[in-house]
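Chain by chain, the residues run as shown.
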Amino acid sequence: NAGVTQTPKFRVLKTGQSMTLLCAQDMNHEYMYWYRQDPGMGLRLIHYSVGEGTTAKGEVPDGYNVSRLKKQNFLLGLESAAPSQTSVYFCASKARGQGTFQPQHFGDGTRLSIL
Amino acid sequence: EDQVTQSPEALRLQEGESSSLNCSYTVSGLRGLFWYRQDPGKGPEFLFTLYSAGEEKEKERLKATLTKKESFLHITAPKPEDSATYLCAVQGVNDYKLSFGAGTTVTVRA
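The structure displayed is predicted, hence computed values, not measured ones. (Residues numbered from 1 in each chain as written. Chains lettered and ligands numbered in written order. Predicted model: local features only at pLDDT ≥ 70, side-chain atom pairs only at ≥ 80, totals over all residues. Heavy atoms only, no water.)

**Q** Account for the environment of A:Ile46, naming residues and giving values.
**A** Residue and element names in this part refer to chain A. Examined against the element boundaries, Ile46 turns out to sit in strand β5 (residues 44-51). Between the C-alpha atom of Ile46 and that of Leu76, which follows or precedes it by 30 residues, the distance is 9.2 Å. Ignoring anything within four residues of it in the chain, the contact list for Ile46 reads Trp34, Tyr35, Arg36, Lys57, Gly58, Glu59, Val60, Pro61, Tyr64, Leu76 and Tyr89. (Helix = DSSP H or I, 4+ residues; strand = E, 2+ residues; numbered from the N terminus. Contact = heavy atoms within 4.5 Å.)

**Q** Any details on the nonpolar core? Residues and values, ideally.
**A** If you look at the biggest cluster of nonpolar residues, it comprises 22 residues, and the most contacted ones within it are B:Leu21, B:Leu33, B:Trp35, B:Leu73, B:Tyr86 and B:Val106. Among the elements of the structure, β2 (10-14), β3 (19-26), β4 (32-38), β5 (45-50), β7 (62-66), β8 (70-75), β9 (84-91) and β11 (104-109) of chain B are those that each provide at least two residues to this core. Sequence-distant contacts of B:Leu33, defined by excluding residues within four places in its chain, comprise B:Cys23, B:Tyr25, B:Phe48, B:Thr49, B:Leu50, B:Leu66, B:Ser71, B:Cys88, B:Ala89 and B:Val90. Counting residues in hydrophobic clusters, the runner-up holds 19 residues, among them A:Leu21, A:Trp34, A:Ile46 and A:Val66. (Core = buried A, V, L, I, M, F, W, Y, C linked by side-chain atoms within 4.5 Å. Buried < 20%, exposed > 50% of the residue type's maximum accessible area, 1.4 Å probe, protein only.)

**Q** Give me the pattern of salt bridges: which residues, what numbers.
**A** Oppositely charged side chains can form a pair if their charged atoms are brought close together. Inspection of every chain in the model, using the stated rule, returns eight salt bridges over all chains. The salt bridge involving A:Arg36 is made with A:Asp38; its shortest N-O contact spans 2.9 Å. The exposure class of A:Arg36 is buried, given its relative accessible area of 9%. Its relative accessible area of 11% is what places A:Asp38 among the buried residues. Here B:Lys42 makes a salt bridge to A:Asp108, at a shortest N to O gap of 3.8 Å. Taken together, the residues span two chains, with B:Lys42 in the loop between β4 and β5 and A:Asp108 in the loop between β10 (105-106) and β11 (110-114). The network of salt bridges with shared partners includes A:Arg36, A:Asp38 and A:Arg44. (Salt bridge = Lys/Arg side-chain N within 4 Å of Asp/Glu carboxyl O.)

**Q** Kindly report on the interface of chain A and chain B, identifying the contributing residues and their values.
**A** Contacts between chain A and chain B engage 22 residues on the former and 19 residues on the latter. Summing both sides of the interface, chain A and chain B together bury roughly 1800 Å²; the carbon and sulfur share of this comes to 58%. At the junction of chain A and chain B, the tally comes to one salt bridge. At the junction of chain A with chain B, the criterion picks out four residue pairs in polar contact (both at pLDDT 80 or more). For the side of chain A that touches chain B, the elements supplying multiple residues, two or more each, are β4 (31-37), β5 and β9 (87-94) of chain A. Residue contributions to the side of chain A that touches chain B peak at four residues, all from β4(A). Taken together, the residues that form the side of chain A that touches chain B break down as twelve nonpolar, seven polar and three charged. (Buried area = accessible area lost by both parts, 1.4 Å probe. Polar contact = N/O pair within 3.5 Å; in protein donor to acceptor, adjacent residues only side chain to side chain. Nonpolar A, V, L, I, M, F, W, Y, C, P; charged D, E, K, R; others polar.)

**Q** Can you lay out the pairing of β5(A) for me, pointing to particular residues and giving the numbers?
**A** Residues and elements named next belong to chain A. In terms of burial, β5 is a largely internal element, seven of the eight residues being buried. Where β4 meets β5, five bridges bridge the pair, whose relative direction is antiparallel. Across the sheet, Met32 pairs through a bridge with Ser49, a residue of β5. Hairpin connection of β4 to β5: six residues between the antiparallel strands, including Gly40 at a positive phi of 80 degrees. In the sheet, β5 pairs with strand β6 (residues 54-57) via three bridges, with the strands oriented antiparallel. Across the sheet, His47 pairs through a bridge with Lys57, a residue of β6. (Pairing = 2+ DSSP bridges.)

Right, here's the structure in full:
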């Protein structure tokens, strides 16, 4: 039971470098999400996707891009990393509800430090 | 804009000492309120969904309740393994998105 898998688990970048975070889910979920979690703050939504080939901006999208080319994968890209992007990044997925609201299922996060 | 406030920020309990966590919310048309548990270094783990005022859900030593303005997570006779951060989130009219509170970190001492 893999659920939601995030890679890498840890990464240190220098300011200005780029990288891609990968999220993979094996539950055939339609919806996928990227959040960041900072001390003293709740999870904040960066981008989300309601289906393969579609993406939308969340609460804090600036400095990030995403792609959902396959249903099971959701990629988060940082084009030019900044120290303010030091955070823990979580991916989540959710099934489309059938009259009820399905919970989001989370991966274990990617801890990213920008020096 | 949907808002979620959790209190207290931190709670230290002795094993067996029952207590409650609060989640106050403002949302346009509540569709669901979710409780999650988060262990250090891990992602949030789903606990409960509550849909309407008056609803209650239980799981082992945890019981969640919902009113029109807030939700409570009651921890009865906690054990050290109940130590975690508990997150509350609400879903409003938008089916896709949750708004999260900052969480309450619970530490249970043996």
